Amino acid sequence: MTIKLGAALLVFANLAMVLYSVVVLFLLRRTDNLTRLSLAYLFPFFSVMILAFQLPETSITIFGWVFLVPILSHLLLGRLRGLILSLFFMGLTAIVFWLKYHQTPELMQMRSIANMVVLSFCILACSHAYEISRERSELQLLQSAHRDYLTGLTNRMGLNEFFLRESKRAHRENWPLSYLAVDLDYFKQVNDQYGHGVGDETLTHVAKVMKDRLRATDLLARIGGEEFGIFLIKTSANEAHQVAHSLCHAVISKPLKLKDIEVKVSVSIGVAELGPDGDSLQSLMSAADRRLYHAKDHGRNQVVGATSLGAKTSESLDELQTGART
Ligand SMILES: Nc1nc2c(ncn2[C@@H]2O[C@H](COP(=O)(O)OP(=O)(O)OP(=O)(O)O)[C@@H](O)[C@H]2O)c(=O)[nH]1
């Protein structure tokens, strides 16, 4: 009678699991928390497995299902949660196995138990290693999607993310956030005169010169060909203006020195501030771009903010208008 009750319970649990699987399949596309749904699926699934293991009417071969535990757990839950769930259910399986067979000497032979244990841990280790390498590749892919291939700086996508995070923080903490639109002057002439290779090196050099002048908490991004965007946190438009001047000065006073040429370039910069120039990235960039064009129209190598007209840095632009000097 007990045997029949156990078997009926298992049939019922299996049918319930099939129905539940259909529901989970239906929810799969709608959920915004895949990990929670996976956990809500795997936990009852593995519990039904344990129920089947401990029933007297199931044979020893049913324990082979335990090999599914680390594979499914790691695939659906990732490295850490997968490992925890695997260890939990594999441990439970070991206890059930011992309770069921410890009085059956022909099944409790050291060699076969050692085989089962080693195989289980091999599958667990492989699943875990696979998940670690998958997570690493995903991270690398994500990082490269946010990087500019030439300069190694953050790209436009990274700039957007930085703005989303830092604009919220600026509002919350009530501190200023400024944006600089930076564009190299007469860069086409550098390419025309020395070729794209030197042009590329110039871009990388200017990026480095500017980065060295900024704080670690600021963001320098390459957002287009010879255009850069800079976010300065905890910095008002007035302070940003000073920073922009020091960048102009740094760029023009540190030419790129190659074997037998020296490439000297300058930058023009437009300044905008979160709040006075709008609250969206688009309005901030538009305001900074407008001022940048103004700087270009009024002779380049200068900074323009909301209230200021540009004032050129001291170096003469005449020689720059040739793009470079040898
Ligand atoms: N070497 C190199 N050149 C680039 C890259 N991206 C864009 N450019 C070049 O940058 C130049 C930009 O030229 P323009 O838009 O006329 O600007 P400019 O010559 O700097 O003149 P102003 O901005 O008006 O001062 C073009 O010749 C592009 O081919 C790049 O990744 N590498």
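The name given to the chain in an unreviewed UniProt entry is diguanylate cyclase, with Sediminihaliea albiluteola as the source organism. The Cofactor (unreviewed entry) comment attached to the chain in UniProt states, word for word, "Mg(2+)". Quoted straight from UniProt, the Catalytic activity (unreviewed entry) entry for the chain says "2 GTP = 3',3'-c-di-GMP + 2 diphosphate".

Participant: So what about the packing of helix H8 (residues 196-213) against helix H9 (residues 237-253)? Which residues, and what values?
Facilitator: Closest axis-to-axis distance for the H8/H9 pair is 9 Å, and the angle between their directions is 140°. Here H8 lies oblique to H9, going by the angle between them. With respect to the hand of their crossing, H8 and H9 are arranged in right-handed fashion. Between H8 and H9, the residues in contact are Val206, Val209, Met210 and Arg213 and Ser246, Leu247, Ala250 and Val251, respectively. Across the contact of H8 with H9, the residue classes tally to six nonpolar, one polar and one charged.

Participant: Just give me the short version of the pairing of strand S1 (residues 177-184), but keep the residues and values in it.
Facilitator: Summarising burial for S1: eight of the eight residues are buried, a large majority. Burial along S1 is two-sided: Leu177, Tyr179, Ala181 and Asp183 facing one way and Ser178, Leu180, Val182 and Leu184 facing the other are all buried. Examined bridge by bridge, S1 and strand S6 (residues 267-273) share seven bridges and lie antiparallel to one another. Along S6, the bridge assignment pairs Leu184 with Val267.

Participant: Help me get a handle on the layout of surface pockets, residues and values and all.
Facilitator: A volume near 300 Å³ is recorded for the largest pocket. In terms of lining residues, the largest pocket is bounded by 15 residues, among which Met90, Ala94, Met116, Val117 and Ser120 are the most central. At the level of secondary structure, the elements contributing two or more residues to the lining of the largest pocket comprise helix H4 (79-101) and helix H5 (110-145).

Participant: Could you give an account of the packing of aromatic side chains, naming the residues involved and the relevant values?
Facilitator: Following the criterion strictly, the structure yields 14 aromatic pairs and no others. Plain terms: the ring middles of Tyr41 and Phe45 are 5.9 Å apart, the flat faces sit at 25° to each other, and that makes the pair stacked. With Tyr41 and Phe45 both in helix H2 (residues 34-54) and four residues apart, this pair spans about one turn of that helix. Where Phe46 meets Phe89, the ring centres are 5.2 Å apart and the plane angle is 65°; that geometry is what we call edge-to-face. Pair noted here: Phe46 is in helix H2 and Phe89 is in helix H4, with a separation of 43 residues, a long-range link. The pair formed by Phe46 and Phe89 is uniform in burial state, with each residue classed as buried. Counting every residue linked through ring pairs, the aromatic cluster contains Tyr20, Tyr41, Phe43, Phe45, Phe46, Phe88 and Phe89.

Participant: I'd like a rundown of the UniProt feature "transmembrane region" (unreviewed entry) in the chain, residues and numbers included.
Facilitator: Mapped onto this numbering, the UniProt entry annotates "transmembrane region" (unreviewed entry) at residues 7-28, 34-53, 60-77 and 83-101. The span residues 7-28 carries 95% helix and 0% strand; its end-to-end C-alpha distance comes to 31 Å. Along residues 60-77 one finds 56% helix and 0% strand; the C-alpha atoms at either end are 28 Å apart.

Participant: So what's going on with unusual backbone geometry? Which residues, and what values?
Facilitator: Phi is positive for Asn174, which is not a glycine, with a value near 60°. Within the element layout of this structure, Asn174 appears in the loop between helix H6 (156-173) and S1. Overall, Asn174 belongs to the exposed group, its relative accessible area being 71%. Residues other than glycine seldom take positive phi values, yet Arg300 does so here, at roughly 65°. Looking at the secondary structure, you find Arg300 in the loop between helix H10 (281-297) and strand S7 (303-304).

Participant: Please give an account of the pairing of S6 that cites residues and values.
Facilitator: Buried residues dominate S6, accounting for seven of its seven residues. Burial of the side chains of S6 extends over both faces: Val267, Ile269, Val271 and Glu273 are buried on one face and Ser268, Gly270 and Ala272 on the other.

Calculation criteria
- Residues numbered from 1 in each chain as written.
- Predicted model: local features only at pLDDT ≥ 70, side-chain atom pairs only at ≥ 80, totals over all residues.
- Heavy atoms only, no water.
- UniProt positions renumbered as here; feature names shortened; annotations may be inferred.
- Axes fitted to C-alpha atoms, helices over the stretch in contact; angles between N-to-C directions.
- Helix = DSSP H or I, 4+ residues; strand = E, 2+ residues; numbered from the N terminus.
- Parallel < 35°, antiparallel > 145°, perpendicular 65-115°, else oblique.
- Left-handed = near helix turned anticlockwise from the far one by under 90°.
- Contact = heavy atoms within 4.5 Å.
- Nonpolar A, V, L, I, M, F, W, Y, C, P; charged D, E, K, R; others polar.
- Buried < 20%, exposed > 50% of the residue type's maximum accessible area, 1.4 Å probe, protein only.
- Pairing = 2+ DSSP bridges.
- 1 Å grid on protein atoms, 1.4 Å probe; cavity = no way out; pocket = protein on both sides within 12 Å on 5 of 7 lines; lining within 4 Å.
- Points joined across faces, edges and corners; volume = space filled by probe spheres on them.
- Phe/Tyr/Trp six-rings, centres within 6.5 Å; stacked < 30°, edge-to-face > 60°.

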